[in-house]
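Chains, contacts and geometry: an overview
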Amino acid sequence: MTHTIFIDGEAGTTGLEIRERLEARPDLELILLGDRRRDVDARREALNGADAVILCLPDDAAREAVAMIENRTVKVIDASTAYRVAPGWAYGFPEMDAGQRDLIARSSFVSNPGCYPTGFIGLMRPLVKTGLVPTTYPVTVNAVSGYSGGGKAMIAEFEAPGAATAYRAYGLSLKHKHVPEMTKHTGLSRDVLFAPAVGNYRQGMLVEVPLHLAALPETPSVERIHGALVEAYEGRQFVEVADLEETEALSGLEPEGLNGTNRLRLHVFGDRNGEQARLVALLDNLGKGASGAAVQNLNIMLGLDEATGLI
Ligand SMILES: NC(=O)C1=CN([C@@H]2O[C@H](COP(=O)(O)OP(=O)(O)OC[C@H]3O[C@@H](n4cnc5c(N)ncnc54)[C@H](OP(=O)(O)O)[C@@H]3O)[C@@H](O)[C@H]2O)C=CC1
Ligand SMILES: CC(=O)N[C@@H](CCC(=O)OP(=O)(O)O)C(=O)O
C-alpha cells in the first residue's frame, strides 16, 4: 500500500532533509508543489488530500496550515514550536517513555520535538522520573548548534562571503522558545536555565547539563546516573548511552559525530571524587533533532517499522 505525503515547507532546511529521506521509498508517494509551494489554494488541497502531512514552517505559518486542514483522516506532524506543549498533540519523542510510541501511533496530531530539547529531555527525564534529580532542582543547560539550526536565514548569514563569526552565544534574554517544552517534558517544576550558542559549522550539536552530585538529595554516583539512563533506553535503536569506560577515555567531544543519522548518544562524564558530573548529548540537529525524528514519527503513525529509511 502506498501512502501519500505532503511536506509543507518542502524547500526549507528541514523540509529538504525530510524529502531526501522519503524520496527513495517505494512505499510512499510525495506530493510536491515546487514553484506553487506558497500558493494557498494548492497548499490547502495538498493538506487535505494527503494521508499524512509534515509541516516544516515557521510557527505562525504552521498554525495557519493546521487551521486549513478540514479532512480529519489526515495525520499531521508539525516540526515547529507551535504545538509542543499544546493539549491534543502527542509529543513526538517515542523513546521518552514506555508508552510514548503507542501514543504517537494512535495520534493524528504529533509535534516533533525541538533539537535542543531532544538532547536535554533525553538526558534529564529519566533522572527526574527516578527521583535522582528533584523536580524543583535548578537545572542549567549549555548547548552549541551548527548554523543550519537557524534555517535558511542563518545558513545564508554564516555562508556569506566575509562572514567571519566563529561562535555566538544567544538566547541572552533567557526566554528561548524551547524552555517550555524542556521544562514540561522532563517533569521539572522550575524553568530550566538555557544557555545556547551557535558555531561556525553547518550541522550537529552538543547539549550539556552540568551537575553537582553532592547537591542532589542522595549524592548519586556517576555509575548510578549512568545506570538510570541505560535502563531508560534499553533496546532502543536510536538512543544510546555510551559506556563509562568509553566516555572516560575521551579527551574531547565534537558536535558533528552523528551527522546524517537519526541517533542520539548520551555521555556521563564524572570527576574522580564523584562530586561532579557533566551529562552531554550528541545529535544531528537535522537528524534526530528534526528531519530524522519526523520520519521516525511518520513511520510510527503509518503503522510501519519505525526505522524504515533511517540510519
Ligand atoms: N533547522 C533546524 O535544525 C530545525 C528546525 N526546526 C523547525 O522546523 C521549522 C522549519 O525550519 P527550517 O527548515 O530550519 O526553516 P527554513 O527557513 O530553512 O525553511 C522554512 C520553510 O518554510 C517556508 N515558509 C515560510 N513561511 C511560509 C508561509 N507563510 N507559507 C508557506 N511556506 C512558508 C519557506 O518557504 P520558501 O522555500 O518559499 O522560502 C521554507 O521552505 C521551524 O519551525 C523550525 O523551528 C526544528 C528542529 C530543528
Ligand atoms: C542555532 C539556532 O538558531 N537554533 C534554533 C533552534 C532550531 C530548532 O530546534 O528549531 P525549533 O525551534 O523548531 O525546535 C534556535 O535556537 O531558535
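So, here's what we can say about the structure. (Residues numbered from 1 in each chain as written. Chains lettered and ligands numbered in written order. Predicted model: local features only at pLDDT ≥ 70, side-chain atom pairs only at ≥ 80, totals over all residues. Heavy atoms only, no water.)

Section: the packing of aromatic side chains
The tally for this structure, following the rule as stated, stands at 4 aromatic pairs. Plain terms: the ring middles of Tyr116 and Phe194 are 5.0 Å apart, the flat faces sit at 70° to each other, and that makes the pair edge-to-face. With Tyr116 in helix α5 (residues 115-129) and Phe194 in strand β9 (residues 193-199), this pair connects stretches of sequence that are 78 residues apart. On the accessibility criterion, Phe194 (3% relative accessible area) is buried. When the ring of Tyr147 is compared with that of Phe158, the centres are 5.1 Å apart and the planes differ by 10°; the resulting orientation is stacked. Highlighted residues: Tyr147 in the loop between β7 (140-146) and α6 (151-159) and Phe158 in helix α6, separated in sequence by 11 residues. (Phe/Tyr/Trp six-rings, centres within 6.5 Å; stacked < 30°, edge-to-face > 60°. Helix = DSSP H or I, 4+ residues; strand = E, 2+ residues; numbered from the N terminus. Buried < 20%, exposed > 50% of the residue type's maximum accessible area, 1.4 Å probe, protein only.)

A short note on the site of ligand 2
Neighbouring residues of ligand 2: 14 residues in total, closest Cys115, Tyr170, His176, Lys177 and His178. Residue Thr81 places a side-chain N or O atom 3.4 Å away from an oxygen atom belonging to ligand 2. Contact distances for ligand 2 include 2.8 Å between an oxygen atom and a side-chain N or O atom of Arg84. Bound to the protein, ligand 2 loses 85% of the 430 Å² it would expose on its own. (Near = heavy atom within 4 Å. Polar contact = N/O pair within 3.5 Å; in protein donor to acceptor, adjacent residues only side chain to side chain. Areas by Shrake-Rupley, 256 points an atom, 1.4 Å probe, with all protein chains shown as cover.)

Overview of the site of ligand 1
Every one of the 25 residues lining ligand 1 counts as a neighbour, but Thr13, Thr14, Leu57, Ser148 and Lys152 are closest to it. One of the backbone N or O atoms of Cys56 is found 3.5 Å from an oxygen atom in ligand 1. Here an oxygen atom of ligand 1 and a side-chain polar atom of Lys152 are 2.8 Å apart. Taken together, the elements giving at least two residues each to the shell around ligand 1 come down to α1 (13-23), α3 (59-68), α6 and α10 (287-301). Here the shell around ligand 1 is built from residues that sort into 8 nonpolar, 10 polar and 7 charged. Taken domain by domain, the shell around ligand 1 gets at least three of its residues from each of domain 1 (3-113 + 289-301) and domain 2 (115-285). (Nonpolar A, V, L, I, M, F, W, Y, C, P; charged D, E, K, R; others polar. Domains from an automatic or database assignment.)

Just distances and angles here, no functional claims.
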